[in-house]
Amino acid sequence: MQTCGICGRVLNVEADPLSGDCGGDCWGCIGLIEAKHGWQQSVDFVAAEIASGLRDADGKPKPPEQPLPKS
Ligand SMILES: [Zn+2]
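Residues numbered from 1 in each chain as written. Predicted model: local features only at pLDDT ≥ 70, side-chain atom pairs only at ≥ 80, totals over all residues.

1. Regarding helix α2 (residues 40-51)
Under the convention used in this document: For helices the rule is a DSSP run of H or I covering at least 4 residues; for strands it is a run of E covering at least 2, with both sets numbered from the N terminus onward. Between the first and last residue of a helix there are one fewer steps than residues, each counted as 1.5 Å, and that sum is the expected span.
The end-to-end C-alpha distance of α2 is 16 Å, a good match for the 16 Å that 12 residues give at a rise of 1.5 Å each. At the exit of α2 stands Gly53, carrying a positive phi of roughly 90°.

The following block contains the structure:
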C-alpha cells in the first residue's frame with residue numbers, strides 16, 4: 001500500500017479525491033504547495049475543493065472519510 005511521503009495518506013483511494021498520487025505524495029499536499037506557489041490551475045482546484053468541503057478554509061486537506069465502524 002502506497003502512502004504520501006508528506007502526510008502518510010493512503011494513495012489512489014477511489015473514494016478519496018485528494019489521494020491521487022503526485023509522484024509519491026498525495027494531491028492533498030501537492031495541490032496546496034502548488035497553490036501557494038501561485039500555480040493558477042492548482043489555485044483553482046484547491047479553491048474548488050475548499051468550496052466542496054474536501055479541504056479546510058486555509059487549503060489544508062481534511063483527512064479521508066473513514067468507513068463507519070461496524071458494531
Ligand atoms: Zn499528503
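2. Quick notes on the nonpolar core
Under the convention used in this document: Defined on buried residues, the nonpolar core groups Ala, Val, Leu, Ile, Met, Phe, Trp, Tyr and Cys residues joined through C-beta atoms within 7 Å. To assign burial, the other C-beta atoms lying within 10 Å of each residue's own C-beta are counted, with C-beta atoms placed from the backbone; 20 or more indicates buried, 12 or fewer indicates exposed, and intermediate counts indicate partly exposed. By the convention adopted here, residues make contact when the C-beta atoms placed from their backbones lie within 7 Å.
One finds Cys4, Leu18, Cys26, Trp27 and Ile30 forming the largest nonpolar core, which totals 5 residues. Not counting residues within four places of it along the chain, the set of residues in contact with Trp27 comprises Leu18, Ser19, Gly20 and Cys22.

3. Let's talk about the packing of helix α1 (residues 27-36) against α2
For clarity, the threshold we go by: Angles here are taken between N-to-C directions and fall from 0 to 180 degrees, while the axes themselves are lines fitted to C-alpha atoms, restricted in helices to the stretch in contact. In these notes the angle categories are as follows: under 35 degrees is roughly parallel, over 145 is roughly antiparallel, 65 to 115 is roughly perpendicular, and the rest is oblique. A crossing counts as left-handed when the near helix is turned anticlockwise from the far one by less than a right angle, and as right-handed when that turn is clockwise. Each residue gets one label: Ala, Val, Leu, Ile, Met, Phe, Trp, Tyr, Cys and Pro are nonpolar, Asp, Glu, Lys and Arg are charged, and the others, such as Gly, are polar.
Packing of α1 against α2 brings their axes to within 8 Å, and their N-to-C directions diverge by 125°. Regarding the angle of α1 to α2, the classification is oblique. Between α1 and α2 the crossing geometry is left-handed. For the pair formed by α1 and α2, the contact residues are Gly31, Leu32, Glu34 and Ala35 on the first element and Ser42, Val43, Phe45 and Val46 on the second. A breakdown of the residues in the contact of α1 with α2 according to their chemical character gives 5 nonpolar, 2 polar and 1 charged.

4. Observations concerning the environment of Gly31
As for its placement among the helices and strands, Gly31 is situated in helix α1. For Gly31, a count of 25 C-beta atoms within 10 Å translates into the label buried. Excluding residues within four positions of it along the chain, Gly31 makes contact with Ser42, Phe45 and Val46.

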